[in-house]
Amino acid sequence: MRREVVTGTGVQHTDKSSVQTADRISFSRPYRASRELTNVEAVLKSDHCHGDGPFTAAATAALARITGAPHVLLTTSCTHALDMAALLLELEPGDEAIVPSFAFPSMANAIALRGATCVFADIDSTTGNVDTNAVAAAITDRTRAVVVMHYGGVAADMDALLTLASEHSFAIIEDNAHGLGGSWRGRPLGTIGTFGTLSFHDTKNVHCGEGGALLLTDEVLMMRAEIMREKGTDRARFLRGQVDKYSWRSIGSSYLPSELNAAVLAAQLAEFDQIQAGRHRVWSRYAAELREWASLAGVRLMTVPPDRKHTAHLFYLRMPTANSRHNIVEYLAARGISAPFHYVPLDSSPAGLKLGHTPRPCVRAAEFASTIVRLPLWPAMTDREVDRVIHAVTSFRA
Ligand SMILES: *Cc1c(COP(=O)(O)O)cnc(C)c1O
């Protein structure tokens, strides 16, 4: 159950649905791009199926265009890109990294895998993102990094964080799995901190089944990252003819995806604008057509501060109580609509209790996690399906 909640597939309660499977509205559906099959076929016929071939180059160039990042490395997942960030920072036992309580476990794992300590900080309930005051209060002389997860593709308030980062010289890691194409005051998400990461898991806006990317602005970090990603060798430099043999240079692992994944990713990125337009169409309808119901029912809709461009990765409601959240999830399930909640706060999860440290209770994260419900959203959702969700939600009485 917990695993299903964390992965966000929204399967809870669906077995209780009385509606036929064909009429069920799932929470999310992976996008299908038109050139996926032709691209995959081209890879299989080319005899270059391992990583770093022409589709990796095409997908990398597309990501550099969308994000403006000077350096982009495709990885096998967002989790692995976060692992690379922890390795590049040379986190070690005794080091601390501040992580929002309401977040996906990947970065907490990356920190724990290095033997460093996760320090959990509370969130700002207007966006679900890490709260700057909570970060400021959690800083010690051992703080090496602060993790920012732009929840739903809505940027965290970066101003104060950037000031704190330069005062205390720690790195900012942007877990930008939700935020490809989003921005904060015109600055693309994933390029504001020291590291930015992306996910191409098939629940994300753009996907290749499983995949990710690491975004970097620093040239020296990029050179080290390239080695780390290729089993700790300088194979990439060798292939560019910059060294005449390649050898083991540093610790690393195998973080590069195959051309088969890159082929799907390149096909999806070629349709990025259509994907985003499809998602924004659904998102904007929810925002406009649920407003009146929400204000009468004491429900808060997801909001986006005006200085941020969001990515329509998700649309959520914040119910007045945990009990009314439970009720609306059941109510929608009975109408064939899958509307899941989201993360279990890391500080109260079994691994968080064992591996982390929580200097101040994360009360807003606990409240946010217990009242949130996400509505179905994918680019090819029909207007009729959106109508059905809106009708079901607005007929619910808390
Ligand atoms: C999906 C997700 C991840 C993990 O991505 P993978 O590519 O599956 O490793 C990490 N962080 C956030 C916020 C996510 O939504």
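Residues numbered from 1 in each chain as written. Predicted model: local features only at pLDDT ≥ 70, side-chain atom pairs only at ≥ 80, totals over all residues. Heavy atoms only, no water.

Enquirer: Which residues make up the overall build of the protein chain, and what are the values?
Expert: Helices and strands together make up the secondary structure of the protein chain, namely 16 helices and 16 strands. By the compact-globule yardstick of 21 Å for 398 residues, the protein chain fits well, its C-alpha radius of gyration being 21 Å. For the C-alpha atoms alone, the extent of the protein chain along its principal axes is close to 70 × 55 × 35 Å. Per-residue burial for the protein chain yields a buried fraction of 55% across its 398 residues. Summarising the internal contacts of the protein chain: among those between residues at least 6 apart in sequence, 72% fall at separations of at least 24. Summing over all exposed atoms, the protein chain offers an accessible surface of approximately 16900 Å²; the carbon and sulfur share of this is 53%. One finds the centroid of the 40 positive side-chain charges in the protein chain at a distance of 3 Å from the centroid of its 41 negative side-chain charges. (Helix = DSSP H or I, 4+ residues; strand = E, 2+ residues; numbered from the N terminus. Rg over C-alpha atoms; globule rule 2.2 N^0.38 Å. Buried < 20%, exposed > 50% of the residue type's maximum accessible area, 1.4 Å probe, protein only. Contact = heavy atoms within 4.5 Å. Areas by Shrake-Rupley, 256 points an atom, 1.4 Å probe, with all protein chains shown as cover. Lys, Arg positive; Asp, Glu negative; His and termini not counted. Charge placed at Lys NZ, Arg CZ, Asp CG, Glu CD.)

Enquirer: Explain the sheet that holds strand S14 (residues 316-318) to me, using residue names and the numbers behind them.
Expert: The antiparallel open sheet is built from three strands, whose spatial order is S12-S14-S16. Strands at the two margins of the open sheet, each flanked by one partner only, are strand S12 (300-301) and strand S16 (372-374). Bridge count between S14 and S16: three bridges; the pairing is antiparallel. Bridging across to S16, Arg 318 finds its partner in Ile 372. (Pairing = 2+ DSSP bridges.)

Enquirer: Break down the packing of helix H3 (residues 54-67) against helix H10 (residues 259-269) for me, citing the residues and quoting the values.
Expert: Between H3 and H10, whose axes approach to 8 Å, the crossing angle comes to 40°. Looking at the two axes, H3 sits oblique to H10. Of the two elements, H3 crosses H10, and the hand of that crossing is left-handed. When H3 is examined against H10, the residues Pro 54, Phe 55, Thr 56, Ala 58, Ala 59, Ala 62, Leu 63 and Ile 66 are found in contact with a partner set consisting of Glu 259, Ala 262, Ala 263, Leu 265, Ala 266 and Leu 269. Grouping the amino acids of the contact of H3 with H10 by side-chain chemistry returns 12 nonpolar, one polar and one charged. (Axes fitted to C-alpha atoms, helices over the stretch in contact; angles between N-to-C directions. Parallel < 35°, antiparallel > 145°, perpendicular 65-115°, else oblique. Left-handed = near helix turned anticlockwise from the far one by under 90°. Nonpolar A, V, L, I, M, F, W, Y, C, P; charged D, E, K, R; others polar.)

Enquirer: Run through the pattern of salt bridges, naming residues and quoting values.
Expert: In this structure the tally under the stated criterion is 19 salt bridges. Here Arg 32 ties to Glu 36 by a salt bridge, and the two come within 2.9 Å at their closest N and O atoms. Residue Arg 32 is classed as exposed on the basis of its relative accessible area, which comes to 56%. Here Arg 235 makes a salt bridge to Glu 230, at a shortest N to O gap of 2.9 Å. When its relative accessible area of 3% is taken as the criterion, Glu 230 is described as buried. Linked by salt bridges that have partners in common, Arg 281, Arg 285, Glu 289, Asp 383 and Asp 387 make up one network. (Salt bridge = Lys/Arg side-chain N within 4 Å of Asp/Glu carboxyl O.)

Enquirer: Can you tell me about the site of the ligand, naming the residues and giving the values?
Expert: In the neighbourhood of the ligand, 14 residues make up the surrounding shell, with Thr 79, Asp 175, His 178, Ser 199 and Lys 204 lying closest. For the ligand, an oxygen atom lies 2.9 Å from a polar atom in the backbone of Cys 78. Looking at the shell around the ligand residue by residue, the class counts come to five nonpolar, seven polar and two charged. (Near = heavy atom within 4 Å. Polar contact = N/O pair within 3.5 Å; in protein donor to acceptor, adjacent residues only side chain to side chain.)

Enquirer: Would you mind going over the environment of Glu 230 in detail, with residue names and values included?
Expert: Among the structural elements, Glu 230 can be located in the loop between helix H8 (219-229) and helix H9 (235-239). Setting aside chain neighbours within four positions, we find Glu 230 in contact with Asp 52, Arg 235, Ser 253 and Leu 256.

Enquirer: Outline the pairing of strand S1 (residues 71-75), supporting the account with residue identities and numerical values.
Expert: Each regular strand carries side chains that alternate between the two faces of the sheet. In terms of residue burial, S1 counts as a mostly covered element, since five of its five residues are buried. By the alternation rule, side chains of S1 split into His 71, Leu 73 and Thr 75 and Val 72 and Leu 74, which are all buried. Inspection of the sheet shows S1 paired to strand S11 (residues 212-216) by five bridges, in the antiparallel sense. Pairing of His 71 across the sheet is with Leu 216, part of S11.

Enquirer: Tell me about the sheet that holds strand S7 (residues 171-175), and please be specific about residues and values.
Expert: Picture the strands of a sheet paired through backbone hydrogen bonds; they go either parallel or antiparallel. With respect to topology, eight strands assemble into an open sheet ordered S1-S11-S10-S7-S6-S2-S3-S15, the strand pairing being mixed. Two strands bound the open sheet, and with one partner strand each, they are S1 and strand S15 (356-357). Pairing between strand S2 (residues 96-100) and strand S3 (residues 117-121): five bridges, direction parallel. By the bridge assignment for S3, Pro 100 is matched with Ala 121. Across the sheet, H3 touches S1, strand S10 (195-199) and S11, and the angle it forms with S1 is around 130°. Those strands touched by helix H4 (residues 78-88) are S1, S7, S10 and S11, and its axis lies near 160° from that of S10.

Enquirer: Tell me what's going on with the environment of Arg 285, and back it up with residues and numbers.
Expert: Relative to the helices and strands, Arg 285 resides in helix H11 (residues 272-289). In this structure, the C-alpha to C-alpha distance between Arg 285 and Asp 387, residues 102 residues apart in sequence, is 9.1 Å. A polar atom in the side chain of Arg 285 sits 2.6 Å from the side chain of Asp 387.

Enquirer: Any details on a nonpolar patch on the surface? Residues and values, ideally.
Expert: A surface patch of nonpolar side chains, amounting to about 290 Å² of accessible area, comprises Phe 238, Leu 239 and Tyr 246. By secondary structure assignment, the location of Tyr 246 is in the loop between H9 and H10. For Tyr 246, a relative accessible area of 40% corresponds to the partly exposed category. (Patch = residues over 30% accessible without salt bridge, like charges linked within 9 Å, V, L, I, M, F, W, Y side chains within 5 Å.)

Enquirer: Could you give me a rundown of the state of the cysteines, with the residues and numbers involved?
Expert: A full pass over the atoms with the stated rule returns zero disulfides. Cys 208 provides the cysteine sulfur closest to Cys 78, a residue in no disulfide bond, and the two sulfurs are 12 Å apart. Since its relative accessible area comes to 7%, Cys 78 is described here as buried. Summary of cysteine pairing: Cys 362 is not part of a disulfide, and the nearest cysteine sulfur, belonging to Cys 118, is at 12 Å. Assessed through its relative accessible area of 6%, Cys 362 is described here as buried. (Disulfide = S-S within 2.5 Å.)

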